[in-house]
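# Working through the structure, step by step
Read off the chains here:
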Amino acid sequence: VDAEASARWLAEMLDLAAPVHLPPFWQVETANGVALDFASMGAGNTVTPTHYAFLIGEDDFERVYGRITARGLDHWADPHQHHPGEINRHDGGRGVYFLSNDGHYLEVITRPYGSGG
């Protein structure tokens, strides 16, 4: 896994500031101040794919979903991949699941779970 490539990919997909190199990490900071640190893995090492969810605004969703579709990325309305090519409208918002360039399962939603609507 190439930390710089993964950090740059995520920053671009989520329209975040370019990653900062803080050896040994490449760090991406989200709008709410959470920092995601990416580390490169040597040959023979593996990373277990993990689910990461990001709460974003409606306008941000338009841009992120536009990048997903423009790049032809597989995406789903649900975490079990039963509804390919769709988004969900849970809690009166919108959400979508897709895979990162390094195999992690990403989700962007516009309303927190359980917020109704």
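Residues numbered from 1 in each chain as written. Predicted model: local features only at pLDDT ≥ 70, side-chain atom pairs only at ≥ 80, totals over all residues. Heavy atoms only, no water.

## Focus on the nonpolar core
Core analysis: the biggest nonpolar cluster contains 20 residues, and Leu10, Phe38, Phe54, Val64, Phe98 and Val108 have the highest contact counts within it. When residues of this core are traced back to their parent elements, those giving at least two are α1 (3–13), β2 (25–29), β3 (35–38), α2 (58–70), β6 (95–99) and β7 (105–109). The leading source of residues in this core is α1, at six residues. (Core = buried A, V, L, I, M, F, W, Y, C linked by side-chain atoms within 4.5 Å. Buried < 20%, exposed > 50% of the residue type's maximum accessible area, 1.4 Å probe, protein only. Helix = DSSP H or I, 4+ residues; strand = E, 2+ residues; numbered from the N terminus.)

## Re the packing of aromatic side chains
Under the counting rule described, the total for this entry stands at four aromatic pairs. Taking 6.3 Å as the distance between ring centres and 45° as the angle between the ring planes, the aromatic pair formed by Trp9 and Phe98 counts as tilted. Here Trp9 is found in helix α1, whereas its partner Phe98 is found in strand β6, with 89 residues between them in sequence. Here the two residues Trp9 and Phe98 agree in accessibility, since each one is buried. Measuring from centroid to centroid gives 5.8 Å for Phe61 and Tyr65, while their planes differ by 10°, and the two rings are stacked. Taken as a pair, Phe61 and Tyr65 lie in helix α2 at a separation of four residues, close to a single helical turn. The class of Phe61 is buried, set by a relative accessible area of 0%. Pairwise contacts between aromatic rings join Trp76, Tyr97 and Tyr105 into one cluster. (Phe/Tyr/Trp six-rings, centres within 6.5 Å; stacked < 30°, edge-to-face > 60°.)

## As for the pairing of β7
Residues in a regular strand project their side chains so that they alternate between the two faces of the sheet. Counting buried residues in β7 gives five out of five residues, a clear majority hidden from the surface. Alternating residues of β7 divide into Tyr105, Glu107 and Ile109 and Leu106 and Val108, and every residue in both groups is buried. Alignment of strand β4 (residues 51–55) against β7, held across five bridges, turns out to be parallel. If you follow Tyr52 over to β7, its bridge partner there is Leu106. The sheet contact formed by β6 and β7 spans five bridges and is antiparallel. Bridging across to β7, Tyr97 finds its partner in Glu107. Here β6 folds back onto β7 in antiparallel fashion, the turn holding five residues, of which Gly103 has a positive phi close to 95°. (Pairing = 2+ DSSP bridges.)

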